[in-house]
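Descriptive analysis of the structure
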Amino acid sequence: MASSPAPNPVKRQKRIDFRKTEQQEVLPQKRFYRQRAHANPFSDHRLDYPISPQDMDWSDYFPAYFSKKRKLDDTADNSEETVEVQSTSDVKLDTKKVEIADIGCGFGGLLISLAPTFPEKLILGMEIRMQVTAYVQDRITALRNQCSTKKEGQEVVPGGYQNIGIIRGNAMKFLPNFFEKHQLSKMFFCFPDPHFKARKHKARIISPTLLAEYAYILRPGGIIYTITDVEDLHLWMAKHLDDHPMFERLSEEEQENDVCVKIMRTDTEEGKKVARNQGSKWVACFRRVEDPV
Amino acid sequence: MSSRRHPVQAIAFAQSDSPKLFIAIAETVYAISATTHETIATWKAPPAPVQGKPQSQVLDVTGKAGEDGDATEALPANEEALAATTAPKTEENVESTDVVMADSPPSVSSTVGKRKRSPSATSIAPPETSDPTETTTDPQKSDKKTRNRKKSEKRKAKNAAKPPPPPQPNYIGQLVPIISGNLLAVTTLEDKTLRLLNLETLEVVKEWVLQKRPSAITLTPAAILVGDKFGDVFSYKIPTPSEIEENSEGKLLLGHVSLLTTLTTATSPPSSQQIGSSGDVKKYIITADRDEHIRITNYPLTHVIHGFCLGHTAFVNRLLATKDNLLVSGGGDDWLGLWDWKGGNLLQRVDIRTPVDAMFNREEAKALTEKLRGYNKKRKRREEGAPEVEITIAVTDILEVDGKEVIVVLEGVPAILRYKYTTDNKLEYAGYVKAAASITSLAVQGSRIYFGADSEEGALVSYVDITEGEATAKDFFDGRSFEGQVVEEADVNAVNERLYTAEAFRKGFGGFMEDD
């Protein structure tokens, strides 16, 4: 098997140098974070994921909302009793949960547009490619720093980008490790890998079997947003969502009035690229229905 | 070819008209009377159809339509003859592609390997690239074109030159008796097929070709559920005698994006309390995978996931739904999980490490772990200077005996560990039953345990009644040698690779990682 080529030493050095500049407010440059566009979702990656949602320490991703979890000794019989460090008088800490997920968020364009749109909600991007994740992380850090050291005349960004985070992970395998039942209200699948070959269809991010898992972590009334520039893939995703008993399609009107759809069309990195190339963009949105009794 | 005594890799008991034990040795299933211990019937899996692209290409090129059908229905005797006739054809095929390429050396035998072939392919590069540059104005573009063409030609040639893979024995995977239908469900691994055999005669009455290699099987009252290596679970309806002839297809129920290791069914509330009110009884499928997950899915509404039991830190390999409606799980961790599966709560981590450590000294245990890891070719051997091998545990079977205790078998370990329920419904270690060698299969009937062990000398199949206080196993065949126990095998390690698969599920032992 061909593994990904050794990282370019020059780029790596540039990245290291970039991160050294403390409290940097300069946005990272994509060219130092390039990586091939595909990753095999079935193979083992060096991933960090919690044993269960209760074990997840979100403080690295949303430091403004979470305090560090103290690690318990493994000998304890009950895994759930993860004791939190005495949170200071700030009661806001540790009460929020991630509500919006961008699966395969790429270079993070959607996250950054969603951040001021939903300043009260925590939004998590998930991306399997390491370099791309590093880029988004650096981008978020820079944006947060820009907001915290406010200059005169600078517009105030609601939420100050403290409500967005990025995690490297394989969403097809490990979503239930991060999210509890009914935790999310929105899931985005923007310009996913089309996996054209029929025998690769199981690697597609929307598949009949994976939809059951998305229905599990989405709350009733929650919405799945999909957009792609590949018509075949659009038809495939819409068909499988249509066929799945846990999802119903949003009407054309509902879809067009949804602010997220507008953002998804214009502000994702892929969306911009497609627009530059004057390609078509196909959107399909589905609501998760109530659980059957 | 050398011969090897082959252990029983799967075992099942059926209390039909006459009690029978079904055992699988390599490619053969034997039905044996549990009272007289005589063989009643046998069934040998047909050889798997020869696979691989090069083969079909060869047949296409020669244009003999009949060949294709022959290949797939080849009888055991024909097998070698077929292989012999296809070999020269591969050569023909290589030559014919060479003619298309026009500038390759005229005769390249099929035995020429990848390495030898590539220099010859590069040697033809200069004339090819110089040609188009003279005629076109855009040299860069055409360069790319020829490069692509060359690449695909090279790939084709490589495929054609590859010798056909040696035929693999069509191993028996799982055995499950379906008493109500007087059937035995059998999966075979190489031809990826689920068959229903007559429980008495072992004649094949129905078969379904599966999409992927089966890795787990269980029954519901009306269906056979098969999990595969791609993580999907398919349901196959158990036919009534009148439906046997009808065509029916597997239905996809659910899927993990991971290797599905095991599955079981459970009901809630427990079936003992459901008297009269069947309305509240909910059924579930519980599945486990290599990525530490245990998933609870509604049945038959399999698009609704009820929950997960998360807590394992290594692969999960076996599940047991107990009489008291708890779940026991085991795999690559040092402990068994005891779960309130409905709520997803881990009630107890049952230590299995201490008993194993007491059984072996450290050197023995290390040697065993190394050996089991070595059986899997995909894993690199430990490199010099790498940290010392950690002794690991892999659960290969968990069963409940008579609703009183839980027994556990670990890969490579010559013992059955016993765990008893305490008054507060926890599990407590209660000693072990010693076996002659590592245990390769296990079945329970009432208070009696039947098991197969991988030894050249000891009993092929042993049994023990543990609740009667016995702890020494008896030889099922009472010292007689069993007709099917010696199997011809070219490579002894190949047998081990097929028998010892659990430890290979472990991640991160020098195995391939995409990010490396």
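Residues numbered from 1 in each chain as written. Chains lettered and ligands numbered in written order. Predicted model: local features only at pLDDT ≥ 70, side-chain atom pairs only at ≥ 80, totals over all residues. Heavy atoms only, no water.

The UniProt entry for chain B carries this comment under Sequence similarities (unreviewed entry): "Belongs to the WD repeat TRM82 family." (UniProt positions renumbered as here; feature names shortened; annotations may be inferred.)

By the naming in an unreviewed UniProt entry, chain A is tRNA (guanine-N(7)-)-methyltransferase, taken from Arthrobotrys flagrans. In its Pathway (unreviewed entry) section, UniProt records this for chain A: "tRNA modification; N(7)-methylguanine-tRNA biosynthesis." The Subunit (unreviewed entry) comment attached to chain A in UniProt states, word for word, "Forms a complex with TRM82."

With that out of the way, let us pick up the overall build of chain A. When its secondary structure is counted, chain A shows nine helices and seven strands. Element-wise, carbon and sulfur atoms account for 51% of the exposed surface of chain A, whose accessible area totals about 14700 Å². (Helix = DSSP H or I, 4+ residues; strand = E, 2+ residues; numbered from the N terminus. Areas by Shrake-Rupley, 256 points an atom, 1.4 Å probe, with all protein chains shown as cover.)

Residues and elements named next belong to chain A. UniProt annotation of "active site" (unreviewed entry) refers to Asp-193 when read in the numbering used here. With respect to the helices, strands and loops of the structure, Asp-193 is situated in the loop between strand E4 (184-190) and helix H5 (208-217). Contacts of Asp-193, omitting those with residues within four sequence positions, involve His-38 and Leu-233. Among the polar contacts listed, one links the side chain of Asp-193 to the backbone nitrogen of His-195, at a separation of 3.2 Å. (Contact = heavy atoms within 4.5 Å. Polar contact = N/O pair within 3.5 Å; in protein donor to acceptor, adjacent residues only side chain to side chain.)

Here the focus is the packing of helix H4 (residues 171-178) of chain A against H5 of chain A. Residues and elements named next belong to chain A. Two elements in contact, H4 and H5, have axes separated by 10 Å at closest approach and are oriented at 25°. Classed by the angle they form, the pair H4 and H5 counts as roughly parallel. As H4 runs across H5, the sense of the crossing is left-handed. The segment H4 lies against H5, with Met-172, Leu-175 and Pro-176 engaging Leu-210, Glu-213, Tyr-214 and Ile-217. Split by residue class, the contact of H4 with H5 holds six nonpolar, no polar and one charged. (Axes fitted to C-alpha atoms, helices over the stretch in contact; angles between N-to-C directions. Parallel < 35°, antiparallel > 145°, perpendicular 65-115°, else oblique. Left-handed = near helix turned anticlockwise from the far one by under 90°. Nonpolar A, V, L, I, M, F, W, Y, C, P; charged D, E, K, R; others polar.)

Now for the UniProt feature "binding site: S-adenosyl-L-methionine" (unreviewed entry) in chain A. All names here are of chain A. Here the UniProt feature "binding site: S-adenosyl-L-methionine" (unreviewed entry) sits at Gly-104, Glu-127, Ile-128, Asn-170, Ala-171, Cys-190, Thr-268, Glu-269 and Glu-270. Set against the second largest pocket, the annotated residues that line it come down to Gly-104, Glu-127, Ile-128, Asn-170, Ala-171, Cys-190, Thr-268, Glu-269 and Glu-270. In this structure, Asn-170 is in contact with Pro-41, Leu-47, Ile-128 and Leu-175, ignoring residues within four places of it in sequence. Looking at Asn-170, its side chain comes within polar contact range of the main-chain oxygen of Pro-41, at 2.7 Å. If you trace the backbone, Thr-268 turns up in the loop between helix H8 (259-267) and helix H9 (269-276). Once residues within four sequence positions are removed from consideration, Thr-268 is found in contact with Leu-110, Cys-190, Phe-191 and Ile-263. (1 Å grid on protein atoms, 1.4 Å probe; cavity = no way out; pocket = protein on both sides within 12 Å on 5 of 7 lines; lining within 4 Å.)

All names here are of chain B. Here four strands make up an open sheet; going across it, the order is E18-E19-E20-E21 and the pairing antiparallel. If you trace the sheet from one side to the other, it starts and ends with strand E18 (316-321) and strand E21 (345-351), each paired once. Strand-to-strand twist of the sheet, defined as the mean angle between neighbouring strand axes without regard to direction, takes the value 25°. Of the strand pairs in this sheet, E18 and strand E19 (residues 327-331) are connected by five bridges, and their pairing is antiparallel. Bridging across to E19, Arg-318 finds its partner in Gly-330. (Pairing = 2+ DSSP bridges.)

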